[in-house]
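Single-letter residue listing:
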Amino acid sequence: MKCAPRVDPASRFRPPPFSWEDLARPLIAGLALIGAAACGGSPAAPAEEPEPLEPDPPPVLIERIARAPRSSGFGCLPPSSGLAVDGLREAGVTATVTATLRRWTIDALPRLLAAPLSGSCEALRTEAALAGASGPTPASAIRAAAGWLGASAGFEDRYRPASFLEAYEHVCGSGLCTETGTIPSALADALTPLFLRALTAARVEAIRRASRGDRSVRHWVSHGGDGLLAASAGTGFDPHYPADIGYLSASRVEVYEAAASLAEAVLAIDWSPFVGLTGVSWRLDTLWGPIIVADGADHQHAYDVAPLLLIDLGGDDDYRGAAGATSEPRPAAVVVDLQGADAHGYPELAGTATVATLPEDEDGRWTGDRFVDASISTLGRQGGARTGIALWFDLGADDDVYVALRASQGYAHQGVGLLYDAGGNDRYRVEAAGQGAAQFGIGVLMDVGRGQDVYDAEHTAQGFGYTDGVGILVDDGGDDRYVCAPEGIRFPSAQLPGIQASLCQGAGFGRRDDETPDQAMAGGLGVMVDQAGDDRYVGGVYAQGVGLAEGVGLLIDGAGRDSYDVRWHGLGAGVHGGAGVLIDRGSSPDHYGGSGAGVNVLMGVGHDRAVGVFVEQGGDDAYHLSGLSAGAATCESVGLFIDERGNDAYVGPTSQALGHAQADGCAAPGVGLMVDAGGEEQYPAGGPAGERDRWLDGSGGVGVDGEGASGASGADNSP
């Protein structure tokens, strides 16, 4: 193996240099230290090294840190399978089911587990994939998500009409359509690509539905939530039933590409000549549902069954029906609204709202073994795809309000759900399963225009991915607020009485079933990206860059003064075989746990054969430590905490923080690493750091406080 030449650390770091600083940078980068171990030798010592405050770490610890990410003893998570798959194999489940669940493991997870020290790079690659070549778009997000699911695009437009009349004849030439009203020829020509892609999307999904086995479409629409959607009729998925396995395992490549092509067609149209246009009313009833064009006046859109395609040219509209959501008869549903301060809601039952509870719809609420007074609404809204393709575009810059119960606002189960808003100070509220959430599919909420937006939810929302699913929330800027209501009992957590299990704000989750491992399923990918602004994040248990049960959760925040509050399992936490990453890319001061309510497993923690990564790139930051926090690990995990620069303050208990590892009954504790790479820090009196610049906790925990760049995030702290 050819080794790179040694570089004098004194030329890269601020004085006083010491041997631990020379180790810290390649350790985090995950390359140079491994190369040094293979080639032998040790880093060159600086010319004038100060007297160490304590003995150098034992060589065996250095070797374990360097080799843990790639050693066979790292735990039960080989890159080719995972905890759930191993449990299935041990239980004697058929090879078909085992192979299926292995495929449902998100591709990013094995890479994170194989090289957890490069977890921040993996997260930034994910962000870049979402953005595409010219910033984030719905199509780039859908295609990136399809790639992560192992479903590379393969769909092609096989019919490209020369005119609207040719497209009309292609669809309606056999007398399959009924037309009412008139449409201006210029608008008809502009709509032609969108018109045909909507019909193609419906056909593609209808063909897929035909392979559903002996279960009805109604069954999958109503009960396909696999335990995430409260329902008295059960989960609807039987892991021992071949027809269910076959249907869920069938390729959705063409569905994903049809949705991406449809999204591209919407944004490729020059809508400006038609914004606010009045006197237009046109409807074409097709085999797959009506195509409706409404003019620029104020409208109330109330439909029992969603149109295939609804174009609203402007006005302050009120959406209360099924528009923009799939259902049993509707395999695809698309809404494009060009302008106006619109209200998006649902038919509410009077007298059923409380301060903490949204009004019921006609399906009511339900209490069972996992949920208390949870909505069981069976109709998605505002880009809710409960099987199929549901896309909602609001292209105006006005302030809009979106309210739904569940399975809405960019939600997908066995399909693609998208909500795209192009501007304004918007308000989003959903109870559960929404705002960029998916299982066996792709769910996206994308808000651009840099408004000051508010996102409210309670459970499984704001960038949430379940098995074989990718959930994405992207906001391009503005001072935003993200709340996954921590207090409550509707979705109770096992960790804290009265605090809800959020599963929000970049959360990946799978079905973890220790008692019946043949029903376990590898988790999905949850991604949340806020590109700029002074943002506020609030969650309960499982939030803000968290992955569990082989799920992967990523939260990436850009510039701005941000504050983060979560109670347990969050801020870059991997739990029970998962991987969680949080990156704050700004240089402004940020606050983590400002309310002091954080309890455990926060800020770069790996718990139970998992990986947690936390990277803060700059600013004078404040950290409220909890139990396991700030670079801690248990049970053959890796926990990584990195602060690149700034004068930071750490407060709170330190007995299990700041570079700590413990076994928790396992054969090995894993590795907990805390690095503060620059600035003047304040640590709690009596803590492991004190006035020292490196420390060990004796069981696999390492802390480093020094000057220079860690190499983990691309930031350069050189003078």
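Before going into details, it helps to say that this report is about the structure given with it. Worth saying up front: this structure is predicted, and the values here are computed from it rather than measured.

**As for the overall build of the protein**
- Per the secondary structure count, the protein includes 13 helices and 44 strands.
- Evaluated residue by residue, the protein yields a buried proportion of 62% over its 719 residues.
- When contacts within the protein are restricted to residue pairs at least 6 apart in sequence, long-range pairs at least 24 apart make up 77% of them.
- Accessible surface for the protein amounts to roughly 24,900 Å². Of this, 53% is attributable to carbon and sulfur atoms.

**Concerning helix α12 (residues 242-249)**
- Of all the residues in α12, the buried ones are Asp-244, Ile-245, Tyr-247 and Leu-248. When α12 is viewed along its axis, its buried side chains cluster within an angular range of 165° and face the same direction.

**Some words on the state of the cysteines**
- Considering all chains together, one arrives at 3 disulfides under this definition.
- Linked covalently through their sulfurs, Cys-172 and Cys-177 form a disulfide whose S-S length is 2.0 Å. Judged by the sign of its S-S torsion, about -75°, the cystine formed by Cys-172 and Cys-177 is left-handed. For the pair shown, Cys-172 and Cys-177 are each scored as buried.

**Looking at the packing of aromatic side chains**
- This structure, assessed with the given rule, holds 21 aromatic pairs.
- For the ring pair Tyr-592 and Tyr-623, a centre distance of 5.2 Å and an interplane angle of 10° mean the geometry is stacked. Of the two residues, Tyr-592 sits in strand β33 (residues 591-592) while Tyr-623 sits in strand β37 (residues 622-624), which places them 31 residues apart along the sequence.
- For Tyr-592, a relative accessible area of 1% puts it in the buried group.
- The class for Tyr-623 is buried, based on a relative accessible area of 0%.

**A word on the side chain of Asp-676**
- On the secondary structure map, Asp-676 appears in strand β42 (residues 670-676).
- Using a relative accessible area of 0% as the deciding quantity, one classes Asp-676 as buried.
- A distance of 2.6 Å separates the side chain of Asp-676 from the side chain of Tyr-650, its partner in a polar contact.
- Those residues within four positions of Asp-676 in sequence are excluded, and the remaining contacts are Asp-643, Asp-648, Tyr-650, Glu-681, Tyr-683, Val-704, Asp-705 and Gly-706.

**Some points on the pattern of salt bridges**
- According to the stated counting rule, one finds 17 salt bridges in the structure shown.
- Between Glu-205 and Arg-209 there is a salt bridge; the shortest N-O distance is 3.0 Å. With Glu-205 and Arg-209 both in helix α10 (residues 185-209) and 4 residues apart, this pair spans about one turn of that helix. Taken as a pair, Glu-205 and Arg-209 share a single burial class, namely buried.
- In this structure, the salt-bridge partner of Arg-283 is Asp-285, at a minimum N-O distance of 3.1 Å.
- Since its relative accessible area comes to 24%, Asp-285 is described here as partly exposed.
- Residues joined by salt bridges that share partners form a network here, namely Arg-365, Glu-431, Glu-458 and Arg-490.

**What to know about the environment of Ala-412**
- One can find Ala-412 in strand β13 (residues 411-421).
- Under the relative-accessibility criterion, Ala-412 is labelled buried at 0%.
- Remark: the alpha-carbon pair of Ala-412 and Ala-433, spanning 21 residues in sequence, is separated by 8.8 Å.
- For Ala-412, the contacting residues outside a window of four places in its chain are Ala-385, Gly-417, Ala-437, Ala-438, Gln-439, Gly-441, Ile-442 and Gly-443.

**Notes on the nonpolar core**
- In this structure, Trp-148, Leu-194, Val-293, Ile-311, Val-336, Ile-442 and Ile-472 are the most contacted members of the largest nonpolar core, which totals 85 residues.
- Here this core takes 11 residues from α10, the largest share from any one element.
- Those residues in contact with Ile-472, other than ones at most four positions away along the chain, are Leu-130, Ala-141, Ala-145, Trp-148, Gly-436, Gly-443, Val-444, Leu-445, Gly-463 and Val-527.
- Judged by nonpolar contacts, the second largest core, of 36 residues, contains Ile-292, Tyr-650, Tyr-683 and Ala-689.

**Side note on the environment of Ala-268**
- For Ala-268, the location among the structural elements is in helix α13 (residues 253-268).
- The spacing of Ala-268 and Pro-193 is 75 residues in sequence and 9.4 Å in space, taken between C-alpha atoms.

**Focus on the pairing of strand β7 (residues 332-337)**
- Here β7 lies mainly inside the structure; 6 of its 6 residues are buried.
- Of the two faces of β7, the one holding Ala-332, Val-334 and Val-336 and the one holding Ala-333, Val-335 and Asp-337 are both buried throughout.
- Inspection of the sheet shows strand β5 (residues 309-312) paired to β7 by 4 bridges, in the parallel sense. Across the sheet, the residue bridging to Ile-311 is Val-336, located in β7.
- Across 6 bridges, β7 lies against strand β11 (residues 384-394) in parallel orientation. Its bridge partner lying in β11, Ala-333 is registered against Ala-390.

**A word on the packing of helix α8 (residues 138-148) against α13**
- In the contact formed by α8 and α13, the axes pass within 8 Å of each other and the chain directions differ by 165°. As judged from the angle between their axes, α8 and α13 are roughly antiparallel. Crossing geometry of α8 relative to α13 is assigned as left-handed. Contacts between α8 and α13 involve Pro-138, Ala-139, Ile-142, Arg-143 and Ala-146 on the former and, on the latter, Tyr-256, Glu-257, Ala-259, Ala-260, Ser-261, Ala-263, Glu-264 and Leu-267.
- The residue makeup of the contact of α8 with α13, split by class, is 9 nonpolar, 1 polar and 3 charged.

**Description of the pairing of strand β20 (residues 470-475)**
- Of all 6 residues making up β20, 6 are buried, and the element is well covered by its neighbours.
- Bridge count between strand β16 (residues 442-447) and β20: 6 bridges; the pairing is parallel. Residue Leu-445 lies in a different strand from β20, and its bridge partner there is Leu-473.
- Sheet topology note: the β20/strand β24 (residues 525-532) ladder contains 6 bridges and is parallel. When the bridges of β24 are listed, Val-470 appears paired with Leu-525.

Calculation notes
Residues numbered from 1 in each chain as written. Predicted model: local features only at pLDDT ≥ 70, side-chain atom pairs only at ≥ 80, totals over all residues. Heavy atoms only, no water. Helix = DSSP H or I, 4+ residues; strand = E, 2+ residues; numbered from the N terminus. Buried < 20%, exposed > 50% of the residue type's maximum accessible area, 1.4 Å probe, protein only. Contact = heavy atoms within 4.5 Å. Areas by Shrake-Rupley, 256 points an atom, 1.4 Å probe, with all protein chains shown as cover. Arc of directions from axis to C-beta. Disulfide = S-S within 2.5 Å. Phe/Tyr/Trp six-rings, centres within 6.5 Å; stacked < 30°, edge-to-face > 60°. Polar contact = N/O pair within 3.5 Å; in protein donor to acceptor, adjacent residues only side chain to side chain. Salt bridge = Lys/Arg side-chain N within 4 Å of Asp/Glu carboxyl O. Core = buried A, V, L, I, M, F, W, Y, C linked by side-chain atoms within 4.5 Å. Pairing = 2+ DSSP bridges. Axes fitted to C-alpha atoms, helices over the stretch in contact; angles between N-to-C directions. Parallel < 35°, antiparallel > 145°, perpendicular 65-115°, else oblique. Left-handed = near helix turned anticlockwise from the far one by under 90°. Nonpolar A, V, L, I, M, F, W, Y, C, P; charged D, E, K, R; others polar.

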